[in-house]
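Close look at the chain arrangement
In case you want the letters, here they are:
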Amino acid sequence: MIRELPVAPLAELRGRRSAKWRTYPDDVLPLTVAEMDFALAPPVRDALRAAVDASDTGYSAAVPRLGKAYAGFAEGRWGWRVDPGAVTAVTDVGVGVVELLRVFTRPGDVVAFSPPVYPPFFHWPPEAGARMLEVPLTGELRLDLGAIESAFATHPAVYVLCNPHNPVGQVHTPDELAALVRLARVYGVTVISDEIHAPLVLPGATYTPLLTLPGAAEVAVSVVSASKAWNLAGLKCAAVVTGSPAMAAAVDRFPPDVRWRTGHFGVVASIAAFTDGVPWLDRLLATLDARRTQLGDLLRERLPGIRWRPPEATYLAWLDCTALGADDEPRELFLDRGRVALEPGLRFGAPGAGHVRLNFGTGAEIIDEATARMASAVG
Ligand SMILES: Cc1ncc(COP(=O)(O)O)c(C=O)c1O
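First, a word on scope: everything that follows refers to the structure included in this document. (Residues numbered from 1 in each chain as written. Predicted model: local features only at pLDDT ≥ 70, side-chain atom pairs only at ≥ 80, totals over all residues. Heavy atoms only, no water.)

Let's talk about the packing of helix α12 (residues 331-338) against helix α13 (residues 364-378)
We apply this condition: Helix axes are fitted only over the stretch in contact, all axes being lines through C-alpha atoms; the angle between N-to-C directions runs from 0 to 180 degrees. Working definition: helices are DSSP H or I runs of at least four residues, strands are E runs of at least two. Numbering for both runs from the N terminus. Roughly parallel covers angles under 35 degrees, roughly antiparallel covers those over 145, roughly perpendicular covers 65 to 115, and oblique covers all other angles. Any two residues having at least one pair of non-hydrogen atoms within 4.5 Å are treated as being in contact. Residue polarity is assigned by list, with Asp, Glu, Lys and Arg as charged and Ala, Val, Leu, Ile, Met, Phe, Trp, Tyr, Cys and Pro as nonpolar; anything else, Gly included, falls into the polar class.
Contact geometry of α12 with α13 gives a least axis separation of 8 Å together with a crossing angle of 100°. Between α12 and α13, the interaxial angle falls into the category roughly perpendicular. Across the interface between the two elements, Leu333, Phe334, Arg337 and Gly338 from α12 touch Arg373, Met374, Ala377 and Val378 from α13. Along the lines of polarity and charge, the residues of the contact of α12 with α13 split into five nonpolar, one polar and two charged.

Notes on the sheet that holds strand β9 (residues 307-308)
Heads up, the rule is: Any two strands with at least two DSSP-identified bridges between them are counted as paired.
Spatial ordering of the open sheet is given by β9-β10-β13-β12, a layout of four strands whose pairing is antiparallel. Edge strands, defined here as strands with exactly one partner in the open sheet, are β9 and β12 (343-344). For β9 and strand β10 (residues 316-320), the ladder comprises two bridges, and the chain directions are antiparallel. Considered in β10, the bridge of Trp308 is made with Leu319.

Let's talk about the packing of helix α7 (residues 145-152) against helix α8 (residues 174-187)
For clarity, the cut-off: Left-handed describes a crossing whose near helix is turned anticlockwise from the far helix by less than a right angle; the clockwise case is right-handed.
Taken N-terminus to C-terminus, the directions of α7 and α8 make an angle of 15°; their axes are 10 Å apart at the nearest point. Relative to α8, α7 is oriented roughly parallel. Viewed along their axes, α7 and α8 form a crossing whose handedness is right-handed. Of the residues in α8, those touching α7 at Leu145, Ile148, Glu149 and Phe152 are Glu176, Ala179, Leu180, Arg182, Leu183, Ala184 and Tyr187. The class makeup of the residues in the contact of α7 with α8 is eight nonpolar, no polar and three charged.

A look at the nonpolar core
For clarity, the cut-off: By nonpolar core is meant a set of buried Ala, Val, Leu, Ile, Met, Phe, Trp, Tyr and Cys residues that side-chain atoms within 4.5 Å join together. Per-residue accessibility, obtained with a 1.4 Å probe over protein chains only, is compared with the maximum for each type, and a residue is labelled buried under 20%, exposed over 50%, and partly exposed between these values.
Membership of the largest hydrophobic core comes to 94 residues, with the highest contact counts inside it found for Tyr70, Tyr159, Trp230 and Leu358. The element that contributes the greatest number of residues to this core is helix α11 (residues 278-302), accounting for eight residues. Those residues in contact with Tyr159 that lie beyond four places of it in its chain are Ala112, Phe113, Ser114, Leu143, Ile148, Phe152, Leu180, Val189, Thr190, Val191 and Ile192. Counting residues in hydrophobic clusters, the runner-up holds 31 residues, among them Val97, Val160, Ile192 and Ala238.

A short note on the side chain of Thr262
As a reminder, the rule being used: The term polar contact refers here to a pair of N or O atoms within 3.5 Å; inside protein, the definition further demands a hydrogen-donor-capable atom paired with an acceptor-capable atom, and it admits residues adjacent in sequence only when both atoms are side-chain atoms.
By the element assignment, Thr262 lies in the loop between α9 (245-252) and α10 (264-276). Separated by 3.4 Å, the side chain of Thr262 and the backbone oxygen of Val90 make a polar contact. Discounting residues that sit within four places of it in the chain, Thr262 has contacts with Ser60, Ala89, Val90, Thr91, Lys236, Cys237 and Val267.

Concerning the sheet that holds strand β6 (residues 190-194)
One open sheet holds the seven strands; their spatial order is β2-β8-β7-β6-β5-β3-β4, and the pairing between them is mixed. Strands with a single pairing partner mark the edges of an open sheet, and in this sheet they are β2 (87-90) and β4 (131-134). Geometrically, the sheet is characterised by an average inter-axis angle of 25° between neighbouring strands, direction not taken into account. By the bridge criterion, four bridges tie β2 to strand β8 (residues 238-241) in an arrangement that is antiparallel. Within the sheet, the bridge partner assigned to Ala89 lies in β8 and is Ala239.

So, the packing of aromatic side chains
Worth spelling out the cut-off: Any pair of Phe, Tyr and Trp rings, taking the six-membered ring for Trp, is counted once the centres come within 6.5 Å. Such a pair is stacked with planes under 30 degrees apart, edge-to-face with planes over 60 apart, and tilted for the rest. We call a charge positioned over a ring when the NZ of a Lys or the CZ of an Arg lies within 6 Å of the ring centre and within 35 degrees of the ring normal.
Summed over the entire model, instances satisfying the criterion amount to 16 aromatic pairs. Ring geometry for Phe73 and Phe274: centres 5.2 Å apart, planes at 40°, overall tilted. Here Phe73, found in helix α4 (residues 65-78), pairs with Phe274, found in helix α10; they are 201 residues apart in sequence, far enough to count as distant. Between Trp318 and Phe348, the ring centres sit 5.3 Å apart and the planes meet at 70°, which makes this aromatic pair edge-to-face. Separated by 30 residues along the polypeptide, Trp318 in strand β10 and Phe348 in the loop between β12 and β13 (355-359) bring together distant segments of the chain. By the burial criterion, Trp318 is buried, and Phe348 matches it. Directly above the ring of Trp260 sits Arg259, whose terminal nitrogen or CZ lies 4.4 Å from the centroid.

See below:
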C-alpha cells in the first residue's frame, strides 16, 4: 500500500489564487494548466517559511548553491554528472529557451520542433525573431527521425526537444536521443532540450538526460527546473545546463541582467527541493502512478470512446476524442455540458485536433468527479 499525497478539500483548493483556480467559475472543475493540487513538499514549505520569517525577500543569489543542489540531484537520480558551475539560473524555462534562441539564431533563422507540443514552443521562436518548422511526432507519438533528418537537411539553426514530451508523456529512448544527436552533429543543428518534466518520469519508464549521450554536450544544451515536479511555477526559477566549453560560451552571451530576473523564492525553494525533496518526489510519483491507473480504469468504464496511451511521465493525459464525433475541439463539449475544463488539443498544434489534455495531478475524488461529468457530457 502506498501512502498517497494528500489533496486539500475542493473548497480550500478554490481559495488558491493561481491560474488554475482563478480562470473558471466555481461550478467548473479545472484540470487544465500544469499545476498540481498536492500540498507542498515539507522541506520546500519550511525553506519558504523560514525565508518569510527572516524577511529574506531580496534579489536571488543562485551561485553557487543552485548549481551544487542540481548537480547532486542529477547524479543521485540519473547518474548524470553535472558541473555545478555549468548551471545558470534563469527566470523560468520559457525565458531560458528564448535567451538561448537569441544566442543561437539570427533574425529569420529557422527553429524546428515536434508537435503536438507544449503551446509556448510555437511562441518562443517568434519571440526571438526566428521562423518555425514543424516536424510532427509519428502516429505512434514518437520522434519521427526520418522527418527530422529531412528537416535538418534544410539547415534549421535549432531543434527544440521536449523530453519527456508534453502533452503525450513519452520518454524518449536512448536510441532515439542518440539518433537525434547524430543528426544534429551531421547537419550542424543546435539542440535545446526542455527537460522540465524529467523528475516526473513514472514507474515503468527510464529517463535519459540528453547531455549524457556521447557527443551531445558539444551540440546541445538542457533547460531544467524544479517547478513542475515540486509545483513551484509561480516562484520563477529554472536553469540552463551545459556540458562543453562551446555551449558554456553561448550562455556567457546572455544579457548581463538575466541573472537579476530569477525569483529569490524560486531559488530558495528549488535548492530545498533538489537537496531534501527526493523522498517527497518518490511519494508523488507513486501517487501519480495510482492516479494514472485510476484514470485508465474510469475512462474504460465511463468513456470507452476515448483513446489514450497512459503517459510514461508527467501528470498530463493526452486524450484522443476523435471517435466521440465532437468535431476538432471536444474541449467545448466537456466544458459546456460537463463543467470540466481541459486544455484544448489544437493549442498543441494541428495534430491536436480532436484531442484534449487532462491534468491528473490531483486527488482521486476529483478524478472520479471529472470523469463522471465528462461521461454525462458525452451522454
Ligand atoms: C514542456 C514544458 N516546458 C516549459 C514549461 C513552463 O515552464 P516555465 O514555467 O518554467 O517557463 C512547461 C509547463 O508546463 C512545460 O510543460
